[in-house]
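Remarks on the overall topology
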Amino acid sequence: MTAVEVWWARTTDARPGLVGELNAVERERLAAYARDEDKNRFLVGCSIVRRVLATKLEVSPADVVLDRTCPDCGRHHGKVSVDGMQLSVSHSGDRIVVAFHPSAAVGVDVEQINPAIDADSLASVSLSDVEAAELAGFALSARARAFTQYWTRKEAVVKATGDGIRADLRKVIVSAPDRPPVLREWAGHDGPVRLVDLQAGVEYAAALAILSGQLPEVRSFDAAPLLRS
């Protein structure tokens, strides 16, 4: 099976020259962000998508045709898509990640771990009873990380399937954070799903899902040189 490419960057990789490669919809969304860190996350995510695809399609980044149409309302804020490539974008804190595969749908999620979260309260609205019981078995000092790993695995799955925020995460049941990542049960999905945990640094949790019967090879790349070129 063709490998999944996972490209990583940081908000500090943003630079003004990248804005000129965005289309009108992307520039409008960029301008709507009030905070610089949000602007930089969006800009870097768009730029990774455009520059990686430009290399593969042998066109300029500005000429890559992307579709962000929301399937529910028709507005341009949906999951980004392009002919001939499956991809997924995520960002949190200063990390931005984009996953690519030429045929199988992928979902990627990265989350900065907040040690101050009330993991048990969040579990009541986003974990199944089985997962919540497993989470309770972790030491208090480890629960924020454990909950965030549950979350990234679930988010990766629903992003790969395209369900996104429409999905009830309590019904998307994944393995415990101290176990190899698998989708254990989800009545809302019929088909193969493979999960992989990604390394994003000690302050982050990250996961990749691919709708495939095979566990793919994952190749990670630093996007910083690509964004500087």
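We now turn to the structure provided with this report. These figures come from a predicted structure and were not determined experimentally. (Residues numbered from 1 in each chain as written. Predicted model: local features only at pLDDT ≥ 70, side-chain atom pairs only at ≥ 80, totals over all residues. Heavy atoms only, no water.)

**Let's talk about the overall build of the protein**
Keep this limit in mind: To qualify as a helix, a DSSP run of H or I must reach at least 4 residues; to qualify as a strand, a run of E must reach at least 2; elements of each kind are numbered from the N terminus. A radius of gyration in this sense is built from C-alpha atoms; the matching globule rule multiplies 2.2 Å by the number of residues raised to 0.38. When accessible area is computed with a 1.4 Å probe and restricted to protein chains, residues below 20% of their type maximum are described as buried, those above 50% as exposed, and intermediate ones as partly exposed. What makes two residues a contact is simply this: any of their non-hydrogen atoms within 4.5 Å. The protein chains shown are the only cover counted for residues, whose accessible areas, like all others here, come from Shrake-Rupley with a 1.4 Å probe. This count recognises Lys and Arg as positive and Asp and Glu as negative, with His and chain-terminal groups excluded. Where a charge lies is defined by one atom per residue type: Lys uses NZ, Arg uses CZ, Asp uses CG and Glu uses CD.
Looking only at helices and strands, one finds six helices and nine strands in the protein. Over its C-alpha trace the protein gives a radius of gyration of 18 Å, about what one expects of a compact globule, namely 17 Å for 229 residues. Buried residues in the protein amount to 47% of all 229 residues. A separation threshold of at least 6 residues defines the contact pool for the protein, and within that pool the share at least 24 residues apart is 60%. With the model as given, the accessible surface of the protein reaches about 11300 Å², and the carbon-plus-sulfur share is 51%. Looking at charge distribution, the protein has the averaged site of its 27 positive side-chain charges lying 2 Å from that of its 31 negative ones.

**Description of the sheet that holds strand S8 (residues 204-210)**
Condition: Whether two strands pair depends on DSSP finding at least two bridges between them. Note on geometry: axes are lines fitted to C-alpha atoms, helical ones only across the stretch in contact, with angles between N-to-C directions running from 0 to 180 degrees.
Strand order in the open sheet formed by three strands is S4-S8-S7, with antiparallel pairing between adjacent strands. Each edge of the open sheet is held by one strand with a lone partner, namely strand S4 (106-112) and strand S7 (194-198). In this sheet, neighbouring strand axes are inclined to one another by 15 degrees on average, regardless of whether the strands run parallel or antiparallel. Of the strand pairs in this sheet, S4 and S8 are connected by seven bridges, and their pairing is antiparallel. Looking across to S8, one finds that Val106 is bridged to Ile210. Packed onto the sheet, helix H5 (residues 143-161) meets S4, S7 and S8 and runs at close to 155 degrees relative to S4.

**Some thoughts on the packing of aromatic side chains**
Aromatic rings considered in pairs are described by the distance between their centres and by the relative angle of their planes. Let me state the cut-off plainly: Note on aromatic pairs: the rings of Phe, Tyr and Trp (six-membered ring only in Trp) are paired at centre separations within 6.5 Å, and the planes decide the class, stacked below 30 degrees, edge-to-face beyond 60, tilted for the rest.
Applying the stated criterion to the full structure yields three aromatic pairs. Aromatic pair Tyr33 and Phe42: ring centres 5.6 Å apart, planes at 45 degrees, arrangement tilted. Judged by its relative accessible area of 26%, Tyr33 is partly exposed. Taking relative accessible area as the criterion, Phe42 reaches 6% and is therefore assigned buried.

**Some points on unusual backbone geometry**
Positive phi outside glycine occurs at Glu58, with the angle close to 60 degrees. Here Glu58 lies in the loop between helix H2 (36-57) and strand S2 (86-92). When its relative accessible area of 72% is taken as the criterion, Glu58 is described as exposed.

**Some thoughts on the pairing of S8**
In terms of burial, S8 is largely enclosed, as seven of its seven residues are buried. Every second residue of S8 is oriented toward a common face, with Tyr204, Ala206, Leu208 and Ile210 on one face and Ala205, Ala207 and Ala209 on the other, all of them buried. Two strands pair when backbone bridges link them, and S7 and S8 are joined in this way by five bridges, in the antiparallel orientation. In the sheet register, Val196 faces S8, and the bridge partner there is Leu208. Remark: five residues form the turn of the hairpin made by S7 and S8, two consecutive strands paired antiparallel; Gly201 in that turn has positive phi of roughly 105 degrees.

**Here we look at the pattern of salt bridges**
Under the convention used in this document: Any carboxyl oxygen of Asp or Glu that lies within 4 Å of a side-chain nitrogen of Lys or Arg is treated as forming a salt bridge with it.
This structure, assessed with the given rule, holds 14 salt bridges. In this structure, the salt-bridge partner of Arg170 is Asp168, at a minimum N-O distance of 3.1 Å. A single network of salt bridges, built from pairs that share partners, joins Arg35, Glu37, Asp38 and Arg41.

**Considerations on the nonpolar core**
Note the threshold: Think of a nonpolar core as a cluster: buried Ala, Val, Leu, Ile, Met, Phe, Trp, Tyr and Cys residues, connected wherever their side-chain atoms sit within 4.5 Å.
In terms of nonpolar packing, the biggest core is built from 22 residues, with Leu135, Val157 and Ala209 touching the most fellow members. Counting only elements with at least two residues in this core, the list comes to helix H3 (119-126), H5 and S8. At seven residues, the largest contribution of residues to this core is made by H5. Look past the residues within four positions of Leu135 in its chain and what remains in contact with it is Ala119, Asp120, Ala123, Leu127, Arg143, Ala146, Phe147 and Tyr150.

**So, the side chain of Ser92**
Rules: Polar contacts, as used here, are pairs of N or O atoms within 3.5 Å; protein pairs need one atom able to donate a hydrogen and one able to accept it. Residues neighboring in sequence count only if both atoms are side-chain atoms.
Turning to its location among the elements, Ser92 is positioned in strand S2. Within polar-contact distance, the side chain of Ser92 engages the backbone nitrogen of Gln112 at 2.8 Å. With near-sequence residues (within four places) excluded, Ser92 lies in contact with Arg41, Val110, Glu111, Gln112 and Tyr204.

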